[in-house]
Amino acid sequence: MLSIILLVSTAIVPFTFAHSHIDEIWANGVHYAGWDPNPAGPYNAQTPGWFTTNQGGNPLYPIDLNQNQIICAKGGSPANISAPIPAGGVVRVKWWQPGEWPVSHHGPVLSYLAPCNGPCSNVNPTSLRFVKIGHKGWINPSTYDEGYWASDELRDDDNSWNIKIPTGLKAGEYILRHEIIALHVAHEGTGAYSPKGAEFYPQCINLKVTGTGTKTITGGKSAKGLYVGNEPGIQIGNLHQTSDHADYVIPGPAVWSGALTARSVES
Ligand SMILES: [Cu+2]
């Protein structure tokens, strides 16, 4: 009987927990394929999307928030190429699993940037210090029992999100860390570093920022220090009980001051 249960649950996992990854990238309008780890074929040397071992696009949980996998996904390793983008330009990403971002997975969409201080292709992920360049959380009480969230806006824009690279950012190579946090089972978490709760989907992209800007990123944090797990925006009450989440506080640091003048695309 036990072996039957194990067999059944193993068979169900790919369907129940197949989630998502960044499958397509546009940098200043130039298209790149992303990295699809499922099935894991040969890594595409011509993508700025990071290699990961996260087959099925599975989520991370509060228990992962101080672990290396929260930086740029499980098995995250830098891309070989860095997509050129002028400071002030837009990077667009499309999430696909294949299939749409799951409608049940309401939550905020967040973007972070870290300088590589050299080529990103051989950067050590643990050395990266990120600032937040944009975030969006609950939007309004419409559409769903849980209200309308940034993740729903993403779904309604072809499962895609536009990220404005800060105007005047100094030229050089940077890692864009883009993330969706799904809150539909966040109330099942039991506190900081819980094995249950909110689901985290970080993905990283190598960028080569161009231009004559002078803004440098200082005061960034390791991605292992962005969240603890018991913040009100992570360990929240039952999302399904109300569509009004006007008091929702997006987790993580405040948006970097250098990005505040460049938030017309992502607020
Ligand atoms: Cu999920």
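In case you missed it, the structure is sitting above this.
Read on for an overview of the structure.

About the cut-offs
Residues numbered from 1 in each chain as written. Predicted model: local features only at pLDDT ≥ 70, side-chain atom pairs only at ≥ 80, totals over all residues. Heavy atoms only, no water. Salt bridge = Lys/Arg side-chain N within 4 Å of Asp/Glu carboxyl O. Helix = DSSP H or I, 4+ residues; strand = E, 2+ residues; numbered from the N terminus. Buried < 20%, exposed > 50% of the residue type's maximum accessible area, 1.4 Å probe, protein only. Pairing = 2+ DSSP bridges. Disulfide = S-S within 2.5 Å. Donors = N, O, S within 2.8 Å, 3.2 Å for Na, K, Ca; no water. Tetrahedral: all angles 85-135°; square planar, octahedral: opposite > 155°, others 65-115°. Axes fitted to C-alpha atoms, helices over the stretch in contact; angles between N-to-C directions.

### Details of the pattern of salt bridges
Logical step 1: Here the structure, examined in full by the defined rule, presents six salt bridges.
Logical step 2: Between Arg 155 and Glu 100 there is a salt bridge, with the nearest N and O atoms lying 3.6 Å from each other. Of this pair, Arg 155 sits in helix α3 (residues 150–156) while Glu 100 sits in the loop between β4 (90–96) and β5 (109–115); the two residues are 55 residues apart in sequence, bridging distant segments of the chain.
Logical step 3: In this structure, the salt-bridge partner of Lys 136 is Glu 153, at a minimum N-O distance of 3.1 Å. Of this pair, Lys 136 sits in strand β6 (residues 131–136) while Glu 153 sits in helix α3, placing them 17 residues apart in sequence.
Logical step 4: Accessibility expressed as a relative area gives 21% for Lys 136, which makes it partly exposed.

### Topic: the pairing of strand β9 (residues 160–164)
Logical step 1: Buried residues dominate β9, accounting for four of its five residues.
Logical step 2: Sheet topology places β4 next to β9; five bridges connect them, and they run antiparallel. Across the sheet, Val 93 pairs through a bridge with Trp 161, a residue of β9.

### A short note on the state of the cysteines
Working definition of a disulfide: a covalent bond connecting the sulfur atoms of two cysteines.
Logical step 1: In the structure shown here, the tally under the stated rule is two disulfides.
Logical step 2: Bridging Cys 72 to Cys 204, the disulfide has an S-S length of 2.0 Å. Across the S-S bond of Cys 72 and Cys 204 the torsion is about -75°, and the bridge reads as left-handed. Remark: Cys 204 occurs in strand β11 (residues 199–210) and Cys 72 occurs in helix α2 (residues 69–72); sequence separation between them is 132 residues.
Logical step 3: We classify Cys 204 as buried; its relative accessible area is 5%.
Logical step 4: Note that Cys 116 is cross-linked by a disulfide to Cys 120, the S-S spacing being 2.0 Å. Between Cys 116 and Cys 120 the sulfur-sulfur dihedral comes to about 105°; the bridge is accordingly right-handed.
Logical step 5: Judged by its relative accessible area of 8%, Cys 116 is buried.
Logical step 6: Cysteine pairing in the protein chain follows 1-4, 2-3, where each cysteine in a disulfide is numbered by its order in the sequence.

### Digging into the coordination of the copper ion
Under perfect tetrahedral coordination by four donors, a metal shows angles of 109.5 degrees; under perfect octahedral coordination by six donors, it shows angles of 90 or 180 degrees.
Logical step 1: The protein atoms that coordinate the copper ion are His 19 (NE2), His 105 (NE2), Glu 199 (OE) and Glu 199 (OE), at distances of 2.1 to 2.5 Å.
Logical step 2: Geometry at the copper ion is irregular, judged from its four donor atoms and the angles of 55 to 133° they form at the metal.
Logical step 3: The sequence pattern describing where the donors of the copper ion fall on their chain is H-x85-H-x93-E. Of this pair, His 19 sits in the loop between α1 (2–16) and β1 (21–27) while His 105 is found in the loop between β4 and β5, placing the two residues 86 residues apart along the sequence. Of the two residues, His 19 and His 105, neither departs from the other in class, the shared state being buried.

### Re the sheet that holds β11
Logical step 1: Spatially, the five strands line up as an open sheet ordered β3-β11-β10-β5-β6, and their pairing is mixed. A single partner strand is all that each edge strand has here, and the edge strands are β3 (83–86) and β6. Each strand of the sheet is rotated relative to its neighbour by a mean of 35°, with strand direction disregarded.
Logical step 2: Inspection of the sheet shows β3 paired to β11 by four bridges, in the parallel sense. Bridging from a neighbouring strand, Ala 83 pairs with Leu 207 of β11.

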